[in-house]
Amino acid sequence: MNQLDFPILTLMLAIPSIAAVICLYLNPAAARAVALGATLVDLALGILLWAAYDVGGAQWQFVENYNLFGRFAWALGIDGIALMLIMLSVFLMPICILASAAIKDRVPEYMAWFLITEVLMLGVFMAQDIFLFYIFFEAGLIPMYLIIGIWGGANRIYAAYKFFLYTLLGSVLMLIAMLWMVNFAGTTSIPQLLVTDFPPQAQTWLFLAFLASFAVKLPMWPVHTWLPDAHVQAPTAGSVILAGVLLKLGGYGFVRFSLPMFPEASNQLFWLVMALSLVAIVYTSLVALVQQDMKKLIAYSSVAHMAFVTIGLFAFNRQGIEGGLVVMLSHGLVSGALFLCVGVVYDRLHTREIERYGGVANNMPAYAVFFLLFTMASVGLPGTSGFVGEFLSLIGSYRANSLVAFIATTGIILGAAYMLLLFWRIAYGSARTPEAAAMSDLNPREFLFLAPIAAVVLWMGVYPESFMAPMRKDVGVLVDRIARAAPAGDAQLAMGTRSAAPDAHVAPGAAEGHDTGAEAGAEEAH
Amino acid sequence: MNRDLWLVAPELFLTIASLVLLLWAAWGGDKSARLITWLAVACLAVAGFLTPTASGAEAVAFAGLATGDLFAAFGRVLIYGSAAVALLAAASWFGRAGDYKAEYSVLVIFSAIGMGLMVSATDLLTLYVGLELLSLSSYVLASFQRTDTRSAEAGLKYFVLGALASGLLLYGISLLYGFTGSTLFSDIAAALAAPADEGIAMGRLFGIVFVLAGIAFKVSAVPFHMWTPDVYEGAPTPVTAFFASAPKVAAMVLLVRVAMEAMGPAADAWRQIIIFMALASTILGGVAAIGQRNIKRLLAYSSINNVGFALVGLAAGGQAGAAAVLFYMSVYIVMTLGSFLVVLRMRDVDGQPVEAIASLSGLSRTRPGLALAMAVFMLSLAGIPPLFGFWPKFVVFEAAVRADLAWLAAVAIATSVISAFYYIKIVKIMYFDEAAPAFIKEREPIGAALILICALAVSPLGYFAIPYLSPLTDAAAASLF
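Keep in mind that this is a model prediction, so the values were computed, not measured. (Residues numbered from 1 in each chain as written. Chains lettered and ligands numbered in written order. Predicted model: local features only at pLDDT ≥ 70, side-chain atom pairs only at ≥ 80, totals over all residues.)

### Focus: the overall build of chain A
Point 1. A tally of helices and strands in chain A yields 23 helices and 2 strands.
Point 2. Its C-alpha atoms give chain A a radius of gyration of 22 Å, near enough to 24 Å, the size a compact globule of 526 residues would have.
Point 3. If one aligns the C-alpha atoms of chain A with their principal axes, the spans along those axes are about 65 × 55 × 45 Å.
Point 4. Looking at chain A as a whole, 58% of its 526 residues qualify as buried. (Helix = DSSP H or I, 4+ residues; strand = E, 2+ residues; numbered from the N terminus. Rg over C-alpha atoms; globule rule 2.2 N^0.38 Å. Buried ≥ 20, exposed ≤ 12 C-beta atoms within 10 Å, placed from the backbone.)

As structure tokens, then:
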């Protein structure tokens, strides 16, 4: 069956599902414990999955396929890209449960919906059948709608409607495109559809239908407006899941569907995607600069960061795609952590107004350290996870088009401006209100959910290879697949001719396959 | 002759049974109402087992006046099933006020006979007789609560507009008869396939339009939907549940058969009409429901909306389209019966039925189980996966895409977002709002069990039924061709 001789993927979906049903019948304290236990078991299974994953082995691993539904199959399987996103999800879930201590109302229901959300997110990354994927992808609307609507802030109902209808409208057109593709290819299996060449004229329409869905989820400008509302109104853990994992569904969709299935259309609409991304980077960064609400600021910064994902992915080269994927992982951790940081002070002061804080570093030093670390990671300081992804993504986009890289880089500067401004206004100076001065530092529970994220952020910044290695081969497959449609690019890099090299004993090309720069150069040359 | 009788055995059996029950009701009085209800349900079950499943020439009854093919069988089973559920729901709803009359069950069986004739008709006159039998029983059912003016008004409205629709239908039948020379579906199809000069072709087209208009009234497709909200609101709730399920299936199955069997060669003529009605129904059913305050009116618009989606499957045409319509209707009746079963439980502390959507506020706090069931039905009607209501929409859109009508599927699915708004509004009212006065808690084991069954059927567990249901709809649709 697979390396582990038991259907680990189904098990990872089954455990939270069962726990969700159990939670409904428990008292609040027990429901919290069951939810935490279930997510921790899933985390353990995720670590086992990563450990057993054969890097560089078969493209699809842990494959399960049961024809349960006649028209489509319960087909699961992962590649390296899905593995990393699954790890991100299972890592963030226990943290979200821990961070939900402020929820006092209808706790068992809350825990049940969170566990269902986890099932659906994991299902999206695991699905190997296009309709199974759609069902998981779309089903996530229901629990998020309820989480925002029941446990959200003051304006939660508007936000819940907006989230639901926006994302639904985006997704439905994708379903029609999927029906067309399945009708054309005669299979619902994603691995088989990935190697189907759709006629270029049809690709444009299919690409636009998928774009409608993924652009809303990601979100891209100008359909991002649901995100600030949903993020701001959602409870802290809801924001973490939204920013941490749900936004990644859009990026995952681009990598899994749009690029490999419609390479010609991706090239044809290169400027559409790039233009939307660039507007997002510059415009939403500027919007973030003037926000008075902490959560809103981070929400807008999410839109800007996700634009780095699309810029990287649509650069059509290895650095860009790897960069885009790392930005997704990094953003999942960092923005999740930033929302948690906001949640920590919100639980004490019950306001998200930046003006009500100030000088937090004086009375909450440990908090300020964590907050600073995540701020720096969001800015993209070398040594943190944010740097790796954005740097690669910018290199990739430079090779695709130097103008794109030029405009996108301004986003880094603006990002530094709004994030540092946020940190300065909250942590430094003196407290603007007496309540802010009286806030106590992190309690052990808060320490417990911030410290692991901080560790992973640094790990990813210092040794990104751990995270990039599983994805390398799959990115290679993707790059080969789209090579036929790759745009020429205006920045023509060429490998320099070797002078009489003193290290001539190194076999020519030995560096390739490890040194991404050299390999990319070789690709460009032919 | 013997074989002919077997092919209409369910109707024969129900006719005899209903007459016996009618006499029993006349002598037994309203005391026997409950027993008669159970007997009526048993009769419907027996009729379900008597349903013929012949094919080919074996299925032709009375020289082509009716058929006992699988398509009719599928329709009959759905009709008997939903009529039985409506009967069971009615018994406890009427019972408490002492206004439950014994003839209620008899009227439902009469209409079931009419619907059975409708789905097995292969002749325009058989069709008309079946439709009228259904309609006349329905008019009486709509005004069943004689003391309630709204109920009487609903019956009158239904009668006046229904009579108009019958007139249109009959006019269309006469035109088709005049310009094709027959009332048999097979002969009409043969005549329509043959080339004709312009005047005759025009006459046939008018005939087709009028027949479709008459049937569209019964399925309440826009622009022939006006009666639906008023009748649904005014009729007693169990009657509304019945109207929203069985007659919809019967009329839809009939429409598919008429369109594909009798008018098959003129598909280009009727397809554009069906497409118009489909899109108009999905849009109007979505937009007009938004402002409703009465849950029954809202469900009326919801049924208009759903009929629109089923019509998308018909517009796709062919065997896949017919199978899609059958699949759609089978899941639709479960969702709609489930929603009405919940509405039947909406009673204030005095036991009086309430219909205001606002009274559902905060239901998830006062009655979590009932709220969860209603949320499942609403989201399922909206077609949101992983609930099973997604799959019938999937099937009709797939049929449309295969028939090169991807644009129609895209527009229709986009309009489904409009209707999603009011479905999630119900969920919002039940889950997000502050609790309104709780409904009275009563022991209704049958109602609760039916709600549970319906909710489980449209929950994600429903997907496991696809491998069993799809071959049935495919086989039923194949018998049309």
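Let us keep going from here.
### What about the overall build of chain B?
Point 1. Helix and strand content of chain B: 20 helices and 2 strands.
Point 2. Relative to a compact globule of 481 residues, whose C-alpha radius of gyration would be 23 Å, chain B shows 21 Å and is just as compact.
Point 3. Taking all 481 residues of chain B together, 61% fall into the buried category.
Point 4. Counting contacts in chain B only where the partners sit at least 6 residues apart, residues at least 24 apart contribute 80% of the total. (Contact = placed C-beta atoms within 7 Å.)

### Quick word on the interface of chain B and chain A
Point 1. Contacts between the two partners involve 26 residues from chain B and, on the opposite side, 26 residues from chain A.
Point 2. Those elements that place two or more of their residues in the side of chain B that touches chain A are helix H17 (390–402), helix H18 (406–431) and helix H20 (466–478) of chain B.
Point 3. Per element, the largest residue contribution to the side of chain B that touches chain A is 12 residues, and it comes from H18(B).
Point 4. When the residues that make up the side of chain B that touches chain A are grouped by side-chain class, the tally is 21 nonpolar, 2 polar and 3 charged. (Nonpolar A, V, L, I, M, F, W, Y, C, P; charged D, E, K, R; others polar.)

### A short note on the nonpolar core
Point 1. Counting 412 residues, the largest nonpolar core has A:Ile176, B:Val312 and B:Ala409 as the members making the most contacts within it.
Point 2. Residues in contact with A:Ile176, not counting those within four places in the same chain, are A:Ala209, B:Phe397, B:Val401, B:Ala406, B:Ala409, B:Ala410 and B:Ile413. (Core = buried A, V, L, I, M, F, W, Y, C linked by C-beta atoms within 7 Å.)

### Notes on the confidence of the model for chain A
Residue and element names in this part refer to chain A.
Point 1. Residues at a pLDDT of 70 or more form 94% of chain A, whose mean pLDDT is 86.
Point 2. Helix H23 (residues 516–525) is the least confidently modelled element of chain A, averaging 44 in pLDDT, while helix H5 (residues 130–139) averages 92, the highest of any element.
Point 3. Below a pLDDT of 50 lies the segment residues 506–526, which in the model reaches 18 contacts outside its immediate sequence neighbourhood of four places, other chains included. (pLDDT = per-residue confidence, 0-100.)

### Here's the deal with helix H5 (residues 103–120) of chain B
Point 1. For H5(B), built from 18 residues, the straight-helix expectation of 26 Å at 1.5 Å per residue is met to within 8% by its first-to-last C-alpha distance of 26 Å.
Point 2. Among the 18 residues in H5(B), 17 count as buried, and that is most of the element. (Expected span 1.5 Å × (residues − 1).)

### Topic: helix H11 (residues 236–261) of chain A
All names here are of chain A.
Point 1. For H11, with 26 residues, the first-to-last C-alpha span of 36 Å sits near the 38 Å given by 1.5 Å per residue.
Point 2. Bending of H11 peaks at approximately 40 degrees at the position of Phe-254.
Point 3. Of all 26 residues in H11, 26 are buried, a share of seventy percent or more. (Bend = angle between axes of the 7 residues up to and from the residue.)

### Focus on unusual backbone geometry
In terms of backbone geometry, most residues other than glycine have negative phi values and most peptide bonds are trans.
Point 1. Cis peptide bonds are those with omega within 30 degrees of zero, and the linkage from A:Trp221 to A:Pro222 qualifies with 5 degrees.
Point 2. One can find A:Pro222 in the loop between helix H9 (200–217) and helix H10 (226–233).
Point 3. The linkage connecting B:Pro385 with the following residue, B:Pro386, adopts the cis geometry, with an omega of 10 degrees.
Point 4. Here the phi dihedral of A:Arg106 falls at roughly 50 degrees; this positive angle occurs in a residue that is not glycine.
Point 5. Given 18 C-beta atoms within 10 Å, A:Arg106 falls into the partly exposed group.
Point 6. Although it is not a glycine, A:His350 sits at a positive phi angle of roughly 55 degrees.
Point 7. Mapped onto the secondary structure, A:His350 falls in the loop between helix H15 (318–349) and helix H16 (360–363).

### Concerning the confidence of the model for chain B
Point 1. Averaged over all residues, the pLDDT of chain B equals 91, while 99% of them reach at least 70.
Point 2. The complex prediction reports pTM at 0.90, with the ipTM value standing at 0.91.

### Considering the packing of H17(B) against H18(B)
To characterise two packed helices, one gives the angle between the axes of the helices and the distance between these axes.
All names here are of chain B.
Point 1. Their axes nearest at 7 Å, the elements H17 and H18 cross at an angle of 155 degrees. Regarding the angle of H17 to H18, the classification is roughly antiparallel. Handedness of the crossing formed by H17 with H18: right-handed. Of the residues in H18, those touching H17 at Lys-393, Phe-397, Ala-400 and Val-401 are Ala-406, Leu-408, Ala-409, Ile-413 and Ser-416.
Point 2. The class makeup of the residues in the contact of H17 with H18 is 7 nonpolar, 1 polar and 1 charged. (Axes fitted to C-alpha atoms, helices over the stretch in contact; angles between N-to-C directions. Parallel < 35°, antiparallel > 145°, perpendicular 65-115°, else oblique. Left-handed = near helix turned anticlockwise from the far one by under 90°.)

### A look at the packing of helix H1 (residues 8–24) of chain A against helix H2 (residues 28–52) of chain A
Residue and element names in this part refer to chain A.
Point 1. Contact pair H1 / H2: the axes reach a minimum separation of 9 Å and the direction vectors enclose 175 degrees. The angle between the axes of H1 and H2 places the two elements in the roughly antiparallel class. Judged by residue contacts, Ile-8, Leu-11, Met-12, Ile-15, Pro-16, Ala-19, Ile-22 and Cys-23 of H1 engage Ala-31, Val-34, Ala-35, Ala-38, Thr-39, Val-41, Asp-42, Leu-45 and Leu-49 from H2.
Point 2. The class makeup of the residues in the contact of H1 with H2 is 15 nonpolar, 1 polar and 1 charged.

### A closer look at the environment of A:Pro452
Point 1. When you line up the elements, A:Pro452 lands in helix H21 (residues 444–462).
Point 2. Separated by 357 residues in sequence, A:Pro452 and A:Ile95 place their C-alpha atoms 9.0 Å apart.

### Considerations on the environment of A:Leu403
Point 1. Within the element layout of this structure, A:Leu403 appears in helix H19 (residues 402–427).
Point 2. For the pair A:Leu403 and A:Val107, spaced 296 residues apart in sequence, the C-alpha separation works out to 50 Å.

### Re the environment of B:Val458
All names here are of chain B.
Point 1. Looking at the secondary structure, you find Val-458 in helix H19 (residues 445–458).
Point 2. Put simply, Val-458 and Ser-380 are 78 residues apart on the chain and 6.8 Å apart in space, counted from C-alpha to C-alpha.
Point 3. In this structure Val-458 touches Val-331, Val-334, Met-335, Gly-338, Val-376, Phe-377, Ser-380, Leu-387, Phe-388 and Gly-389, once residues within four positions along its chain are discounted.

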